[in-house]
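The residues making up each chain are set out below.
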Amino acid sequence: DEPPPIVDLPPLELNGIQARRPTLVIGLGGCGAKTLSALTERLTHQHGPYQELSWFDALYIDSDYDEFIKSFVGDEEATFSERQFIHLPLKPTQYYRQNTSELTRWLSRRWIYNIPKSGKPDGVRPLGRLALVDNIQQVEKQIDQAVAGMCQPHNRTVDGAQDETHLDYERPQVFLVGSISGGTGGAIFADVAQLVHRAFSELDVSGAEITCLL
């Protein structure tokens, strides 16, 4: 059978002001850092400093502070602030040996004795998740704050003028970006997704969407 002919449709008629969806992008690990760096640079190029966009926010979660410095410190317009970075350092082996009863519910004891002196997971996913669990209160607090900011009407000012972007606070969206094979990103993305989901549930936001880009 012959395929149906291609028809050029007329442009859509957009009546009124179209509301943007508040958007939070959370970068996980080294891959998340590279993605966020490119994204914020593009947003800044297209719209001006991305920090002044009323509809966009970002967080970066990683166990490697050096990656934060390398990816975000330099360009003043596109750089991240410390507020947007959640550092997940590992503690020395001795510290975890004193708390093995809690950790061994999900982590083999052998991993505790293989923590690198660098204090980083160095690509080992069990240690990446350990870094998250050990810093879970800080992660939970900052995710809750970021999610709450997406769901509450607010006015940002840009150069003294009110930002009149219309936002659909009933339909916020969160993107989690990381490498499925990464020592940190691959280890923590499911847990971080659960934290975001819980934050939306507590705020009773039924129209929220969470998308994982791996």
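Residues numbered from 1 in each chain as written. Predicted model: local features only at pLDDT ≥ 70, side-chain atom pairs only at ≥ 80, totals over all residues. Heavy atoms only, no water.

## Some points on the pairing of strand E1 (residues 23-28)
On a regular strand, one side chain projects to one face of the sheet and the next to the other, so that they alternate. With 6 of its 6 residues buried, E1 lies for the most part within the structure. Relative to strand E2 (residues 56-62), E1 runs parallel, the two sharing 6 bridges. Residue pairing in the sheet places Thr23 in a bridge with Phe56 of E2. A crossover connection joins E1 to the parallel E2 through helix H1 (residues 29-47); in handedness this β-α-β unit is right-handed. Here E1 pairs with strand E6 (residues 173-177) via 5 bridges, running parallel. By the bridge assignment, Gly27 is partnered in E6 with Val177. (Buried < 20%, exposed > 50% of the residue type's maximum accessible area, 1.4 Å probe, protein only. Helix = DSSP H or I, 4+ residues; strand = E, 2+ residues; numbered from the N terminus. Pairing = 2+ DSSP bridges. Right-handed = clockwise from strand over helix to strand, strands pointing away.)

## Notes on the pairing of E6
Most of E6 sits inside the fold, with 4 of its 5 residues counted as buried. As defined by bridge partners, E6 adjoins strand E7 (residues 209-213) across 5 bridges and the pair is classed as parallel. Pairing of Val174 across the sheet is with Ile210, part of E7. As for the winding sense of the linkage, the β-α-β connection from E6 through helix H8 (residues 185-202) to E7 is right-handed.

## Concerning the packing of helix H6 (residues 125-134) against H8
With their axes 7 Å apart at the nearest point, H6 and H8 run at an angle of 45° to one another. As summarised for this structure, H6 and H8 are arranged oblique, according to the angle between their axes. Both H6 and H8 take part in a crossing whose hand is right-handed. On the side of H6, the interface is formed by Arg125, Gly128, Arg129 and Leu132, while H8 contributes Gly186, Ala187, Ile188 and Asp191. (Axes fitted to C-alpha atoms, helices over the stretch in contact; angles between N-to-C directions. Parallel < 35°, antiparallel > 145°, perpendicular 65-115°, else oblique. Left-handed = near helix turned anticlockwise from the far one by under 90°. Contact = heavy atoms within 4.5 Å.)

## Focus on the pattern of salt bridges
Evaluation of the coordinates by the stated rule reveals 12 salt bridges. Ionic pairing is found between Lys34 and Glu67, a salt bridge with its closest N-O pair at 3.8 Å. On the criterion of sequence distance, the pair formed by Lys34 in helix H1 and Glu67 in helix H2 (residues 65-72) is long-range, its members being 33 residues apart. Asp66 serves as the salt-bridge partner of Lys120, at 3.0 Å between the closest nitrogen and oxygen. (Salt bridge = Lys/Arg side-chain N within 4 Å of Asp/Glu carboxyl O.)

## Some thoughts on the packing of aromatic side chains
Throughout the structure, instances matching the rule amount to 7 aromatic pairs. Note on Tyr60 and Phe85: the rings are 5.3 Å apart at their centroids and 25° apart in plane angle, and the pair reads as stacked. Taken together, the residues Tyr60 in strand E2 and Phe85 in strand E3 (residues 85-87) connect sequence positions 25 residues apart. There is no split in this pair, since Tyr60 and Phe85 are both buried. Judged by centre distance (5.6 Å) and plane angle (50°), the ring pair of Tyr65 and Phe68 falls under tilted. Of this pair, Tyr65 and Phe68 both sit in helix H2, 3 residues apart, which is roughly one turn of the helix. Grouped by ring-pair contacts, the aromatic residues Tyr60, Tyr65, Phe68 and Phe85 constitute a single cluster. Positioned above the aromatic ring of Tyr95, the side-chain terminus of Lys91 is 5.0 Å from the ring centre. Sitting over the ring of Trp106, Arg129 keeps its end group 4.6 Å from the ring centre. (Phe/Tyr/Trp six-rings, centres within 6.5 Å; stacked < 30°, edge-to-face > 60°. Lys NZ or Arg CZ within 6 Å of the ring centre and 35° of its normal.)

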